[in-house]
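# Architecture and fold: a report
The residues making up each chain are set out below.
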Amino acid sequence: MAEPILTATDLVKHYPIKGGVLRRTVGHVKAVDGVSFELLKGETLGIVGESGCGKSTLGRLLMRLEEPTSGSVVFDGIDMYSQRGRAMRKLRRDIQIVFQDPYTSLNPRKTVGDIIGEPFDIHPDVVPKNGRRKAVQDLLDMVGLNPEHINRYPHQFSGGQRQRIGIARGIALNPKVLICDEPVSALDVSVQAQVVNLMEKLQDELGLSYIFIAHDLSVVRHISDRVGVMYLGKMAELGEEDEIYGRPTHPYTQALLSAVPVPDPTLRDKKEQIVLKGDVPSPANPPSGCRFHTRCWKAQDKCKTDVPLLELRPDGVGEHPSACHFASPREVIETVDVSDQEVVFKAEVRDQASFEQPQRVGEGTQES
Amino acid sequence: MTTDTQTRKSETPATSQYKPVDGLLLEVEDLRVEFHTEDGVAKAINGVNFDLHEGETLAILGESGSGKSVTAQAIMGILDMPPAVIPGGQIRYCGQDLLTMPEEQRRKTRGPEISMVFQDALSSLNPVFPVGWQIAEMFRKHRGMNKSDSLERAVKLMQRVQIPAAKERVKAYPHQFSGGMRQRIMIAMAIALDPAVLIADEPTTALDVTVQAQIMSLLQELQEERQMGLILITHDLGVVADVADKIAVMYAGRIVERADVFDLYRQPAHPYTKGLLESIPRLDQKGQQLAAIGGLPPNLMRIPAGCAFNPRCRYAQDICREERPELLTVAPGRESACHFAEEVLHG
């Protein structure tokens, strides 16, 4: 087993909501609310969840683009949030990020050479000044772009190529950890596969560890060794890729997996689908107890009061961490035969969907 | 459910002058659309043919820039002209060509006969009017109903698309709804006048998966209930597999393959379709490279000669660079625009 390179412990990020004439704090958006995990050397940890679950905030916290409300991140034995000045700058070199939108994350007024070379301006000791152009060209070559295009501007590239530029910038300083925040979601399917392949190739060549944040479950499954499922600022389930996708025990994971359309029409009426009622509640006013209880078909009184801990729970074969009082395995994706029982179950869930949802939709639950 | 949801039945009967023959609703023939811009002419659609029957779901599948949304806009008659120009083709609705129809008559088809759900519900709804008022507008403008009757109908529609507490929410504004609820409101508006054809342009792309599942099952339910012809425009191969009957795959403004959904997924007959299907991450490919399609979709101002897909195609020969393949029948019910369709299909 490889050793952890990054350990997050009980990370919390609350954003204050200001209201009234005096701009007093009237509440908090609990974007990330107690998340702990380890990232091992050379592995890919996928983070999945719906919009508003806090996965991007988590990425920003790990970059220290945001200061956490509480909690700690230990990177390579160093406590990240207690570093300042030069030590912090040195640390930043080892953790880099690739952003989601290749259209807005590149400065349109700078050439590709300037964009990819900018990390060298901030960390001048990485590459000597006269070697920078060569270094940038090597990076372009490495991500599959023509090194002669160094003087072009971002608008002269397509979406997939721009994402390659973003990746080149991310790996320019030879980081140990690359945080990828939805790196392929803005891309077309045919181009998406190219970028995923590139990221896997770079991981092999450079020994990178990835935190791969995405909402596309099949891409995450393809690239990840381990996967964490987030819901409203908390980790609902965490485990090896085959544990999460093959034997999920948290109802949310099960519903999420069942909702993913499978590109095979022959499974159309055979796969069981759990249609969840309502929308994700607002993180400004998350439900008490288990945050999923308002949409969960297994919810009992206990779920409304007691917060379930992310701890090892049996999944039928072994055990892996899941934050549900009633965690139990249930085949989701690979189900082919559907018993009568499951059909009845589907109908039940549908019925509930037509009931009123308890959340006020008008309150900050907008998506997209 | 409520009683106002039966097949093409309306409390205010609109005497539709259109009667589908043998269930055939829409025929698109050799449609072409160009955009005349300062930088040149972008050929967005270059000869598209398809038809749609009652109760049928046709998926138009394609990546950005393939012309799938422009096709929908041309059918709806909502292209900005200029810059768009329609140099040729016909769009026949129940036998009548929409493109040559006077605007007055066209307006009467838009809504009662053919309507559309857009991708981005937030920017498609007017932020300064309550949603109920916006739904009711359909009844006021097209059916001449008064304010209170039309609002009553709006509430019923909101209930039909499963918006909780519809009576209280009818006066709420778009920003007070979540993304999924807004899309339901868009659907309510689209089905308000019992259209025979519903076009859904990426209806779930901006939504989360769990919400996407809700919206797709609602659309399917409504289609079955009203026997609408549904054109689903999407880039998501998973969504298509779940709901479509027939598929038309578009690339660079042309349909490159057309087939029944089961046939297409089992055995694609065009290299582009094949490449698309192979580039989805699959279980048994874990740890391997994804079979990506190399290269990039073409610039619509400089579409390659011959087959537009030839620079990215692994089957490409000299003939592909010279001669444009026509969409031909390669097997019963299957058409492919590829010189080597046989090889792709059986190889």
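Keep in mind that this is a model prediction, so the values were computed, not measured.

### Details of the UniProt feature "domain: ABC transporter" (unreviewed entry) in chain A
- Those residues carrying the UniProt feature "domain: ABC transporter" (unreviewed entry) are residues 6-257 of chain A in this numbering.
- Helix makes up 36% of residues 6-257 of chain A and strand 29%, with an end-to-end C-alpha separation of 28 Å.

### Considering the environment of Arg321(B)
All names here are of chain B.
- Looking at the element boundaries, Arg321 is found in helix 12 (residues 318-322).
- For Arg321, a relative accessible area of 41% puts it in the partly exposed group.
- The spacing of Arg321 and Ala308 is 13 residues in sequence and 8.4 Å in space, taken between C-alpha atoms.
- Those residues within four positions of Arg321 in sequence are excluded, and the remaining contacts are Ala305, Gly306, Asn310 and Ala316.

### So, the sheet that holds strand 4 (residues 70-75) of chain A
All names here are of chain A.
- Pairing within the open sheet is antiparallel, and its four strands lie in the order 2-1-4-5. The outermost strands of the open sheet, each flanked by one partner alone, are strand 2 (24-40) and strand 5 (78-79).
- Pairing of strand 1 (residues 4-19) with strand 4 involves five bridges; the strand directions are antiparallel. Counterpart to Thr7 in the pairing with strand 4 is Val74.

### A short note on the domain arrangement of chain B
All names here are of chain B.
- Domain annotation of chain B identifies domain 1 (24-244) and domain 2 (251-281 + 291-346).
- At the interface, 21 residues of domain 1 touch 16 residues of domain 2.
- Taken together, the two surfaces of domain 1 and domain 2 that pack against each other cover about 1600 Å², and 59% of this comes from carbon and sulfur.
- Of all residues in domain 1, Asn46, Glu63 and Leu237 bury the most surface against domain 2, accounting for 34% of the area lost on that side.

### As for the pairing of strand 2 (residues 40-53) of chain B
Residues and elements named next belong to chain B.
- Pairing of strand 1 (residues 24-37) with strand 2 involves eleven bridges; the strand directions are antiparallel. Paired with Phe35 across the two strands is Ala42, which belongs to strand 2.
- Counting the residues in the hairpin turn of strand 1 and strand 2 gives two residues.

### Focus on the pattern of salt bridges
- Per the counting criterion, the structure on display carries 36 salt bridges over all chains.
- A salt bridge links Arg32(B) to Asp30(B); the shortest N-O distance between them is 3.3 Å.

### Description of the interface of chain A and chain B
- Each partner contributes to the interface: chain A provides 50 residues, whereas chain B provides 51 residues.
- Connecting chain A to chain B are zero salt bridges.
- On inspection of chain A and its partner chain B, the count reaches nine residue pairs in polar contact (both at pLDDT 80 or more).
- Of all the elements in the fold, those that place two or more residues in the side of chain A that touches chain B are helix 6 (189-206), helix 7 (217-223) and helix 9 (251-259) of chain A.
- Looking at side-chain class alone, the side of chain A that touches chain B contains 18 nonpolar, 17 polar and 15 charged residues.

What counts as what
- Residues numbered from 1 in each chain as written.
- Chains lettered and ligands numbered in written order.
- Predicted model: local features only at pLDDT ≥ 70, side-chain atom pairs only at ≥ 80, totals over all residues.
- Heavy atoms only, no water.
- UniProt positions renumbered as here; feature names shortened; annotations may be inferred.
- Helix = DSSP H or I, 4+ residues; strand = E, 2+ residues; numbered from the N terminus.
- Buried < 20%, exposed > 50% of the residue type's maximum accessible area, 1.4 Å probe, protein only.
- Contact = heavy atoms within 4.5 Å.
- Pairing = 2+ DSSP bridges.
- Domains from an automatic or database assignment.
- Buried area = accessible area lost by both parts, 1.4 Å probe.
- Salt bridge = Lys/Arg side-chain N within 4 Å of Asp/Glu carboxyl O.
- Polar contact = N/O pair within 3.5 Å; in protein donor to acceptor, adjacent residues only side chain to side chain.
- Nonpolar A, V, L, I, M, F, W, Y, C, P; charged D, E, K, R; others polar.

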